[in-house]
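Understanding the architecture of this molecule
If you want the building blocks of each chain, they are given just below.
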Amino acid sequence: MLQVVGIVGRMGIADDAVEVRAHGWRTLAALHGHIESAMERELQAEHQLSVVELTVLDALDRQHGWHMRMAQLARAAALSSSATTRLVTRLEDRGFLARILCDDDRRGIYTELTPAGRAALHAARPTHDRVLAATLDRVSNGRLLLNIVSGGDDDDDLPASP
């Protein structure tokens, strides 16, 4: 459980609630950025995959043999349709995805995970899980989280514990 620390000044109850929510949002955004940066480094180094590529492979894998429309994939990866198209093209070029025209609507395009894409995902999942666990463990005592929220990068910026 995260605690809000360091709210100062004279504010009314309504102002306090707004500041608590804003601080919570900043904390969540900072923690997400910190985890995503660590994940990006490790996935690139070990598997030549980005976080968003892994997200797309995972979304398709969770379809259990079914495919997804490009619009669904864009929502799953939180990308624009044009960014999704570029990403799918890169993953298709690597043999991880296949595009299939929709039989009912020739304008519709489905995306499907290939065996090579599934193998890449399964190889990268332990790295994802390890980095997520390690990063959350590092911030669990709160000192690193406070440093991240205040603009620091990692525990190298923290003063030694008393």
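Attention here is on the structure that accompanies the text. None of the values given here were measured: they were computed from a predicted structure. (Residues numbered from 1 in each chain as written. Predicted model: local features only at pLDDT ≥ 70, side-chain atom pairs only at ≥ 80, totals over all residues. Heavy atoms only, no water.)

**Some thoughts on the packing of helix 3 (residues 70–77) against helix 4 (residues 81–93)**
- The geometry of helix 3 relative to helix 4 is characterised by a closest axis approach of 9 Å and an angle of 100° between their N-to-C directions. Here helix 3 is positioned roughly perpendicular relative to helix 4, judged by the angle of their axes. Contacts between helix 3 and helix 4 pair M70, L73 and A74 from the former with T84, T85 and V88 from the latter.
- In the contact of helix 3 with helix 4, the residues fall into four nonpolar, two polar and no charged. (Axes fitted to C-alpha atoms, helices over the stretch in contact; angles between N-to-C directions. Helix = DSSP H or I, 4+ residues; strand = E, 2+ residues; numbered from the N terminus. Parallel < 35°, antiparallel > 145°, perpendicular 65-115°, else oblique. Contact = heavy atoms within 4.5 Å. Nonpolar A, V, L, I, M, F, W, Y, C, P; charged D, E, K, R; others polar.)

**Let's talk about helix 4**
- With 13 residues, helix 4 extends 18 Å from end C-alpha to end C-alpha; this agrees with the ideal 18 Å at 1.5 Å per step.
- Looking at helix 4, one finds that the buried residues are A83, T84, L87, V88 and L91. Considered in projection along helix 4, the buried side chains sweep an arc of 130° and stay on one side of the axis.
- As for helix 4, its buried residues are in contact with helix 2 (51–61), helix 3, strand 2 (97–101) and strand 3 (109–113).
- Looking one or two residues beyond helix 4, the residue adopting positive phi is G95, at roughly 85°. (Expected span 1.5 Å × (residues − 1). Buried < 20%, exposed > 50% of the residue type's maximum accessible area, 1.4 Å probe, protein only. Arc of directions from axis to C-beta.)

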